[in-house]
Amino acid sequence: MSMDLQLMYLMCSKFCHDLAAPIGAISIGLEMLEEDPAPDSPQSLLLHSVQSAMNKLELIRCLSGYATHASRPTLAETRTVLDKCIDPEKIKINWHAEASETIHGTPARLYVALIMLAADALPRGGEITLNKDYTLTVTGTLVKYPQPVLDAIQGQLNLQHIDSRSVIGFFIKTLADQLNTTVLINFEKPNWVKINFA
């Protein structure tokens, strides 16, 4: 692992740790105000927002935390977090492959990044399937991957040209390089994408 990537993991771990306690305290405080708030009350809206923030912190930790734990996250852990973070009314994740504890660390992070990217590529909703052979299928009424992200995954975008939208592609390429593999995003037919490895 490169020094820069390890430093990023350590910073993300600290970031998640520092934010988890105050966000958790806010959640506990809101729950103490009223045991059963009305669904459309300000308290309910705040509770929903706080829970969403906690879920996203867990997702960030799965993606780039656990700097000192080589065996984490596991694919099983990432499944639990992804299922909480991705709106099931908009996007369905089909786990046809076993979310195994034996898939951990960098491979698990790679799957998190690919599923996050797939969710962003489904602006009108759809399905993301982890197939039994551990490839991914992305389907929907509109499947749209930004070209700069695809260029970054293919190693065709220099670091100085990376921005906040394409950085996920650069990160996927970096993880794939660590595993000595290549991520292939194949547009096999309209709005149907197959992701595999070579």
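Scoring rules and cut-offs
Residues numbered from 1 in each chain as written. Predicted model: local features only at pLDDT ≥ 70, side-chain atom pairs only at ≥ 80, totals over all residues. Heavy atoms only, no water. pLDDT = per-residue confidence, 0-100. Helix = DSSP H or I, 4+ residues; strand = E, 2+ residues; numbered from the N terminus. Axes fitted to C-alpha atoms, helices over the stretch in contact; angles between N-to-C directions. Left-handed = near helix turned anticlockwise from the far one by under 90°. Contact = heavy atoms within 4.5 Å. Nonpolar A, V, L, I, M, F, W, Y, C, P; charged D, E, K, R; others polar. Buried < 20%, exposed > 50% of the residue type's maximum accessible area, 1.4 Å probe, protein only. Right-handed = clockwise from strand over helix to strand, strands pointing away. Expected span 1.5 Å × (residues − 1). Arc of directions from axis to C-beta. Parallel < 35°, antiparallel > 145°, perpendicular 65-115°, else oblique.

> Sorry if this is basic, but what is going on with the confidence of the model for the protein chain here?
Residues at a pLDDT of 70 or more form 96% of the protein chain, whose mean pLDDT is 88. Mean pLDDT per element in the protein chain: helix α1 (residues 3-33) is the minimum at 79, and strand β3 (residues 136-140) is the maximum at 98.

> It is not clear to me how the packing of helix α2 (residues 42-64) against helix α3 (residues 75-85) should be interpreted in this structure. Could you clarify?
Each packed pair of helices is defined by two parameters, the angle between the axes and the distance between the axes. It is the contact of α2 with α3, at a shortest axis distance of 9 Å, that shows an interaxial angle of 145°. Two packed elements cross with a definite hand, and for α2 against α3 that hand is left-handed. Residues N55, K56, E58, L59 and C62 of α2 pack against E77, T78, V81, L82, K84 and C85 of α3. Looking at the contact of α2 with α3, its residues break down into five nonpolar, two polar and four charged.

> Even after reading the chapter, I still don't get the pairing of strand β1 (residues 91-95), so can you show me in this structure?
Where a strand is regular, its side chains alternate between the two sheet faces. Burial runs high along β1: four of the five residues are buried. Crossover β1 to strand β2 (residues 126-130) through helix α4 (residues 106-120) is left-handed.

> For this particular structure, what's the right way to read helix α6 (residues 167-178)?
Since the α-helix packs 3.6 residues into each turn, any two residues three or four apart lie on the same face. An ideal rise of 1.5 Å per residue puts 16 Å on twelve residues; α6 measures up with 17 Å between its terminal C-alpha atoms. Those residues of α6 that sit buried are I168, G169, F171, I172, L175 and A176. Summarising the axial view, the buried residues of α6 lie within an arc of 160°, below the 170-degree limit, and thus occupy one face. Where α6 ends, the next residue or the one after it, N180, has phi of about 55°, a positive value.

> Help me understand the packing of α2 against α4 in this model?
Running from amino to carboxyl end, α2 crosses α4 at an angle of 130°, the nearest separation of the two axes being 7 Å. As judged from the angle between their axes, α2 and α4 are oblique. Of the residues in α4, those touching α2 at L59, C62, L63 and S64 are R109, V112, A113 and M116. Here the contact of α2 with α4 is composed, by residue class, of six nonpolar, one polar and one charged.

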